[in-house]
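Here is what each chain is made of, one letter per residue.
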Amino acid sequence: METFIQIAQFTLAISILVILHEFGHFAPARYFGIKVEKFFLFFDVKFALFKKKIGDTVYGIGWLPLGGYVKIAGMIDESMDKEQMAKDPEPWEFRSKPAWQRLIVMIGGVTVNVLLAWFIYSAMLVYYGDEYVPADRLKYGIAVGEVGEEIGLRNGDQVVKIDDKTVTRFDDVQIDILLGDNVTVVRDGNELTFPIPDEAKKSVLDAEERFIRPRFSNTIGLVAKDSIAYNNDVLVGDKIVAINGNAINEWTEFQSIFDQAKGGDVAMTLDRDGQRIEKTFAVGEGRSFGVGANVEELLVKDEYSIGAAIPAGLTKTWDVLSKQVRQFKLIFNRKVQGYKKVKGPIGIVEMMAPEWDWYKFWGFTAMFSVWLGFVNILPIPALDGGHVMFLLYEMISGKAPSEKTLERGQIIGFVIVMGLMVVIFGNDIWNLIKG
């Protein structure tokens, strides 16, 4: 059932994005009087699941869920319709229109992607607000594992800068460290700046887990039902003051000392509303005490009006785009080998929440809309950006590239895109084989 929900969320998100992206091409094409022959969700290789002709356009749903397309008359695209291109241009064809109109048609899809992400982020801010952990709330600093230590971080560090940017939100620290060149921390009262090794970034990507977490206070925020803590009347809000005489100041100290004490009786001192309570528990090896840290103590939630959410949504969209552009440093870095972690449809489905969560769904849809817009505008023939590149050349030089040049460019671009698809699907298949 969980897999079905993940597939359903991914399919719905992709369907929304593809339809709106292609509508971004369709609408200006029709506005400028250009004939659109086909408008398809997914690809109809050999056959379609559904199709219906309305006016001059065949609308349909293909069976191969790897995107979608509009077929614009008189345009050299992936269809490679040489028969139509061999005829004299008709006034309703793409190639008969001024370059500036053709440019608007080609950037329409990417424009819709950006506008959609902006709208979703703004709407989410109004509906959900913005919940995050301010960096200056981390009284006890950060907790790191072995991978975090490879970067140079230590338990208790306060991360204050990444490159020359001051850290204000802890939520952004992990990705910013991966994309940064150096990090500045406050350690034992001293400010220390050190480079972020590429080898450590590779370890982070290989581990595929968080390498940095906030350290919480010694206040209990969760008691699991029927756990040792629950059955011994330990309550949410209790502070763990000591274990077997060892003072506890923050949560990682509790975890470490409690794990060492397992296998026998554990004497625990609790503070409940200023009153000291002594309890002793028998905790066997491998048993869990059943308590969690008070995560809520670090969270801040900002509420947004519609007027405030619109510019904040644009800022969020730009920030997501900026991070995606910077990630190319990891993908093409030979030491980091980020290309091995690029996910295709299978990997992305596995990333989806196993239960239907509208907050995560819309967040993913907005992020992926930015990603589709960015990838499509890359100056690679066969993508929107390739067409834009040729159109800009035409507008600047005053001379259009020959149809032979456009055809060859389309073929080269198709080979590049297929090569990328092989890498992406290869990663998905390899990850399935591994585990």
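### Overview of the environment of Asp238
Phase 1 of the analysis: In this fold, Asp238 is placed in the loop between helix H7 (228-231) and strand S11 (239-243).
Phase 2 of the analysis: Along the backbone, Asp238 and Asp273 are 35 residues apart, and their C-alpha atoms lie at a distance of 7.7 Å.
Phase 3 of the analysis: Dropping the residues within four chain positions of it, Asp238 is found in contact with Asn218, Thr219, Ile220, Leu270, Asp271 and Arg272.

### Re the pairing of strand S14 (residues 275-283)
Phase 1 of the analysis: Summarising the sheet, strand S13 (residues 264-272) and S14 pair through nine bridges and their orientation is antiparallel. Pairing of Val266 across the sheet is with Phe281, part of S14.
Phase 2 of the analysis: Counting the residues in the hairpin turn of S13 and S14 gives two residues, including Asp273, whose phi is positive at 55°.

### As for the packing of aromatic side chains
Phase 1 of the analysis: Counted according to the given criterion, the structure contains 23 aromatic pairs.
Phase 2 of the analysis: Taking the centre distance of 6.0 Å and the plane angle of 20° together, the rings of Trp358 and Trp362 count as stacked. Residue Trp358 and its partner Trp362 are both found in helix H12 (residues 358-376); the two are separated by four residues, about one turn of the helix.
Phase 3 of the analysis: These aromatic residues form a ring-pair network of at least three members: Trp251, Phe254, Phe258, Phe281 and Phe289.
Phase 4 of the analysis: Over the ring of Phe40 we find Lys38; its NZ or CZ atom is 5.0 Å from the centre of that ring.
Phase 5 of the analysis: Note that Arg169 overlies the ring of Tyr132, its terminal NZ or CZ placed 4.1 Å from the centroid.

### As for the sheet that holds S13
Phase 1 of the analysis: Strand order across the open sheet formed by four strands is S12-S11-S13-S14, with antiparallel pairing between neighbours. Each edge of the open sheet is held by one strand with a lone partner, namely strand S12 (246-247) and S14.
Phase 2 of the analysis: In the packing of helix H8 (residues 251-261) onto the sheet, the strands contacted are S11, S12, S13 and S14, and the crossing angle to S11 comes to about 40°.

### Some points on the packing of helix H1 (residues 2-31) against H12
Phase 1 of the analysis: Two elements in contact, H1 and H12, have axes whose closest approach is 10 Å; the angle formed by their N-to-C orientations is 45°. Comparing the axis directions of H1 and H12 gives the class oblique. Pair H1 / H12 crosses with right-handed handedness. Taking contact as the criterion, the partners of Gln9, Phe10, Leu12, Ala13, Ile14, Ile16, Leu17 and His21 in H1 are, on H12, Phe361, Trp362, Phe364, Thr365, Phe368, Ser369, Leu372 and Asn376.
Phase 2 of the analysis: A breakdown of the residues in the contact of H1 with H12 according to their chemical character gives eleven nonpolar, five polar and no charged.

### As for the packing of helix H9 (residues 306-326) against H12
Phase 1 of the analysis: Orientation of H9 relative to H12, taken along the N-to-C sense of each, is 55°, at an axis distance of 10 Å. By the angle class used here, H9 and H12 are oblique. For the element pair H9 and H12, the recorded crossing hand is right-handed. Between H9 and H12, the residues in contact are Thr317, Val320, Leu321, Gln324 and Val325 and Met367, Val370, Trp371 and Phe374, respectively.

### Quick notes on unusual backbone geometry
Phase 1 of the analysis: Although it is not a glycine, Lys46 sits at a positive phi angle of roughly 75°.
Phase 2 of the analysis: Mapped onto the fold, Lys46 is located in strand S1 (residues 36-54).
Phase 3 of the analysis: In this structure, Asn244 takes a positive phi of about 50° despite not being glycine.
Phase 4 of the analysis: Summarising the element assignment, Asn244 is placed in the loop between S11 and S12.
Phase 5 of the analysis: Taking the relative accessible area as the measure of exposure, Asn244 reaches 40% and is therefore partly exposed.

### Observations concerning helix H6 (residues 198-207)
Phase 1 of the analysis: For H6, the set of buried residues is Ala200, Lys201, Ser203, Val204 and Leu205.
Phase 2 of the analysis: Residues of H6 that are buried in the fold lie against helix H4 (146-151), helix H5 (173-179) and helix H10 (328-331).
Phase 3 of the analysis: Following H6 by one or two positions, Glu208 has its phi on the positive side, about 50°.

### Description of the confidence of the model for the protein chain
Phase 1 of the analysis: Averaged over every residue, the pLDDT of the protein chain is 86; the share at 70 or more is 89%.
Phase 2 of the analysis: The least confident element of the protein chain, judged by mean pLDDT, is helix H2 (residues 82-85) at 60; the most confident is helix H3 (residues 99-128) at 96.

### Brief notes about the pattern of salt bridges
A side chain with one charge may pair with a side chain of the opposite charge, provided their charged atoms come close.
Phase 1 of the analysis: All told, the structure shown has twelve salt bridges when counted by the stated rule.
Phase 2 of the analysis: Between Arg95 and Glu93 there is a salt bridge, with the nearest N and O atoms lying 2.6 Å from each other. For the pair Arg95 and Glu93, one class covers both residues: buried.
Phase 3 of the analysis: The partner of Lys323 in a salt bridge is Asp319, and the shortest N-O contact between them spans 3.0 Å.

### Digging into the environment of Gly109
Phase 1 of the analysis: With respect to the secondary-structure elements, Gly109 resides in helix H3.
Phase 2 of the analysis: A relative accessible area of 0% means that Gly109 is categorised as buried.
Phase 3 of the analysis: For the pair Gly109 and Val18, spaced 91 residues apart in sequence, the C-alpha to C-alpha distance is 9.0 Å.
Phase 4 of the analysis: When sequence neighbours within four positions are dropped, the list of residues in contact with Gly109 reads His21, Gly24 and His25.

Each value, and the rule that gives it
Residues numbered from 1 in each chain as written. Predicted model: local features only at pLDDT ≥ 70, side-chain atom pairs only at ≥ 80, totals over all residues. Heavy atoms only, no water. Helix = DSSP H or I, 4+ residues; strand = E, 2+ residues; numbered from the N terminus. Contact = heavy atoms within 4.5 Å. Pairing = 2+ DSSP bridges. Phe/Tyr/Trp six-rings, centres within 6.5 Å; stacked < 30°, edge-to-face > 60°. Lys NZ or Arg CZ within 6 Å of the ring centre and 35° of its normal. Axes fitted to C-alpha atoms, helices over the stretch in contact; angles between N-to-C directions. Parallel < 35°, antiparallel > 145°, perpendicular 65-115°, else oblique. Left-handed = near helix turned anticlockwise from the far one by under 90°. Nonpolar A, V, L, I, M, F, W, Y, C, P; charged D, E, K, R; others polar. Buried < 20%, exposed > 50% of the residue type's maximum accessible area, 1.4 Å probe, protein only. pLDDT = per-residue confidence, 0-100. Salt bridge = Lys/Arg side-chain N within 4 Å of Asp/Glu carboxyl O.

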